[in-house]
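Report on the structure
For reference, the chains in residue letters:
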Amino acid sequence: MGFKALITEKTDDGYRSHVGERELTDLPEGEVLVRVAWSSLNFKDALSASGNKGVTRSFPHTPGIDAVGVVEEAGAGPFSPGDAVICTGYDLGMNTAGGYGDYIRVPAEWLAPLPADLSPRDAMLLGTAGLTAALCVEALLDTGLQPEQGEVLVTGATGGVGSTAVSILSRLGFTVVAVTGKADAHDWLRELGAADILDRDALLEGLDKPLLKPRWAGVVDCVGGDALVSALKGLKYGCSAACCGLAGSPKLENATVFPFILRGVNLLGVDSVELPCEVKQQMWQLLASDWRPELAKLEAAEVTRDQLPDWFGRILKGGVRGRVVVKVA
Ligand code: NDP
């Protein structure tokens, strides 16, 4: 059977993506066939579509690391035809055909039930970014962080992870300071729940000092590089930074051990891709209930698959605000 999918192909002068036809037999062997309804756009999807070999090794390929839809063929696992499911991470959209196709076929262990209180579109409004934001918050709460301890810093605040983290933390009663490079986004970040806004450049003041005035009770860092170094230097005694991203840089060139050995601070690594699906399921339940971000205030552009090639370029240049949901069905 044929179906529609975004297909990225290698050409003589680079990579080109277009909507075309694929066959169900093109999909990998797997237990569960899912009819995709919505997907989303993440930085990693744009890397895949531009031929980044660290993400996707062989082409033609269908990107899309996020998908939500309905089980069509369930195999022997826990799911039944008609179940609404979410798939994020693992190999989806990397070297396994992803959510920009009408269908995906994946192992049952990659699937989480769609929580009853979350619409398929809202699940993709959150997507991998929302899941990662929840995991960062979880990592900080696991250290015992309480709202009374003071301000929590979120870097890359207008991105998908950052904006969701601002909303969740604010909902949980934390005083959030949002770091952004977008001067026109301050009002939106305050609406999302930020108590204060810090300009990207202002965060980096005093970076040459071994330590900064201890201000942050916790940090959600989406940016890496000097932003994370500055955040670590400004953490209060014994407090922690959850590190999930590299939107600025993967390097920590200006880091020293001083924050760790003089203030006993912690750097917590957060991965949303390979962690056990039971943890993802718990996070999706929290995102749909007690930690539910203000979904109506999270910004989302809604695009079709035909429009994606233009959006790949935009997200690679850091020009996307909030999330991008992709209508598939
Ligand atoms: P987005 O592209 O939506 O947002 C990233 C944000 O970072 C931008 O909106 C911008 O925010 C800021 N930014 C962009 N470029 C720079 C720069 N050069 N210097 C400083 N800040 C910059 O990405 P996501 O929110 O979806 O993801 C954030 C990061 O987390 C990415 O690096 C992504 O790869 C990573 N990630 C990791 C996951 C994991 O499992 N560990 C899962 C999902 C994402 P502003 O303008 O407000 O400063």
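Residues numbered from 1 in each chain as written. Predicted model: local features only at pLDDT ≥ 70, side-chain atom pairs only at ≥ 80, totals over all residues.

Attention now moves to the pairing of strand β10 (residues 194–199). Direction of pairing for strand β9 (residues 175–180) relative to β10: parallel, over a ladder of five bridges. The residue of β10 that forms the bridge with A178 is I197. Read as a crossover between parallel neighbours, the route from β9 over helix α4 (residues 186–192) to β10 is right-handed. (Pairing = 2+ DSSP bridges. Helix = DSSP H or I, 4+ residues; strand = E, 2+ residues; numbered from the N terminus. Right-handed = clockwise from strand over helix to strand, strands pointing away.)

Before going further, it helps to spend a moment on the environment of Q307. Mapped onto the elements of the fold, Q307 is located in the loop between β14 (300–304) and α9 (308–316). A residue is classified by how many C-beta atoms lie within 10 Å of it, and Q307, with 15 of them, is partly exposed. In this structure the C-alpha to C-alpha distance between Q307 and W284, which are 23 residues apart in sequence, comes to 28 Å. (Buried ≥ 20, exposed ≤ 12 C-beta atoms within 10 Å, placed from the backbone.)

Time to look at the packing of helix α2 (residues 120–142) against helix α3 (residues 160–171). For any two helices packed against each other, one specifies the inter-axial angle together with the distance between the axes. Two elements in contact, α2 and α3, have axes separated by 8 Å at closest approach and are oriented at 50°. Taken as axis vectors, α2 and α3 run oblique relative to one another. As α2 packs across α3, the resulting crossing turns out to be right-handed. Here L126, A129, G130, T132, A133, A134, C136 and V137 of α2 lie close against α3, whose contacting residues are G160, V161, T164, A165, I168 and L169. Taken together, the residues that form the contact of α2 with α3 break down as ten nonpolar, four polar and no charged. (Axes fitted to C-alpha atoms, helices over the stretch in contact; angles between N-to-C directions. Parallel < 35°, antiparallel > 145°, perpendicular 65-115°, else oblique. Left-handed = near helix turned anticlockwise from the far one by under 90°. Contact = placed C-beta atoms within 7 Å. Nonpolar A, V, L, I, M, F, W, Y, C, P; charged D, E, K, R; others polar.)

As a packed pair, α2 and helix α8 (residues 277–288) sit with axes 10 Å apart at the nearest point and diverge in direction by 95°. Relative to α8, the element α2 lies roughly perpendicular. Across from L126, G130, L131, A134 and L135 in α2, the residues of α8 making contact are K280, M283, L286 and L287.

Attention now goes to the pairing of β14. Put simply, side chains in a regular strand alternate between the two faces of the sheet. In this structure, β14 lies alongside strand β15 (residues 323–327), joined through five bridges in parallel fashion. Residue pairing across strands places E302 opposite V325, the latter belonging to β15.

To continue, consider unusual backbone geometry. Along the chain, F59 connects to P60 via a cis peptide bond; the corresponding omega equals 5°. By secondary structure assignment, the location of P60 is in the loop between α1 (43–49) and β4 (66–73). Even without a glycine there, the phi angle at Y90 is positive, about 50°. Mapped onto the secondary structure, Y90 falls in the loop between β5 (84–88) and β6 (103–106). Residue classification places Y90 among the partly exposed positions, given that 19 C-beta atoms sit within 10 Å.

Note: α-helices contain 3.6 residues per turn, so residues at a spacing of three or four share the same orientation. In terms of burial, helix α6 (residues 225–233) is largely enclosed, as eight of its nine residues are buried. Within α6, the full set of buried residues consists of G225, A227, L228, V229, S230, A231, L232 and K233.

Attention shifts here to the sheet that holds strand β12 (residues 235–243). One open sheet holds the six strands; their spatial order is β10-β9-β8-β11-β12-β13, and the pairing between them is parallel. The sheet is open, and its two borders are formed by β10 and β13 (266–269), each paired with just one other strand. Neighbour-to-neighbour, the strand axes of the sheet open up by a mean angle of 20°, direction not taken into account. Alignment of β12 against β13, held across four bridges, turns out to be parallel. The residue bridging A242 from the neighbouring strand is L268, located in β13. Seen against the sheet, α2 touches β11 (216–221), β12 and β13 and runs at an angle of roughly 150° to β12.

On to the nonpolar core, then. Judged by nonpolar contacts, the single largest core of 100 residues is most densely connected at V34, C87, C136, V154, A165, V166 and A242. Element by element, the count of residues in this core is highest for α2, at 13 residues. Split by domain, the residues of this core number at least three in each of domain 1 (2–114 + 299–327) and domain 2 (128–269). (Core = buried A, V, L, I, M, F, W, Y, C linked by C-beta atoms within 7 Å. Domains from an automatic or database assignment.)

You can read the domains of the chain as domain 1 (2–114 + 299–327) and domain 2 (128–269). For domain 1 versus domain 2, the distance between C-alpha centres works out to 30 Å. Across the boundary between the two partners, domain 1 contributes ten residues, which contact ten residues of domain 2. Residues of the side of domain 1 that touches domain 2, tallied by class, amount to one nonpolar, five polar and four charged.

This part takes up the UniProt feature "domain: Enoyl reductase (ER)" (unreviewed entry) in the chain. As annotated by UniProt and renumbered to match this structure, "domain: Enoyl reductase (ER)" (unreviewed entry) occupies residues 16–326. Secondary structure content for residues 16–326 is 29% helix and 26% strand, while the C-alpha to C-alpha distance between its ends is 18 Å. (UniProt positions renumbered as here; feature names shortened; annotations may be inferred.)

Our focus in this paragraph is α9. Regarding α9, the residues found buried are L308, F312 and I315. Around the axis of α9, the buried residues are gathered within 75° of arc, so they sit on the same side. Of the residues in α9, the exposed ones pointing more than 90 degrees away from the buried face are D310 and G313. Against the buried residues of α9 lie β1 (2–11), β2 (14–23), β3 (32–41), α1, β14 and β15. (Arc of directions from axis to C-beta.)

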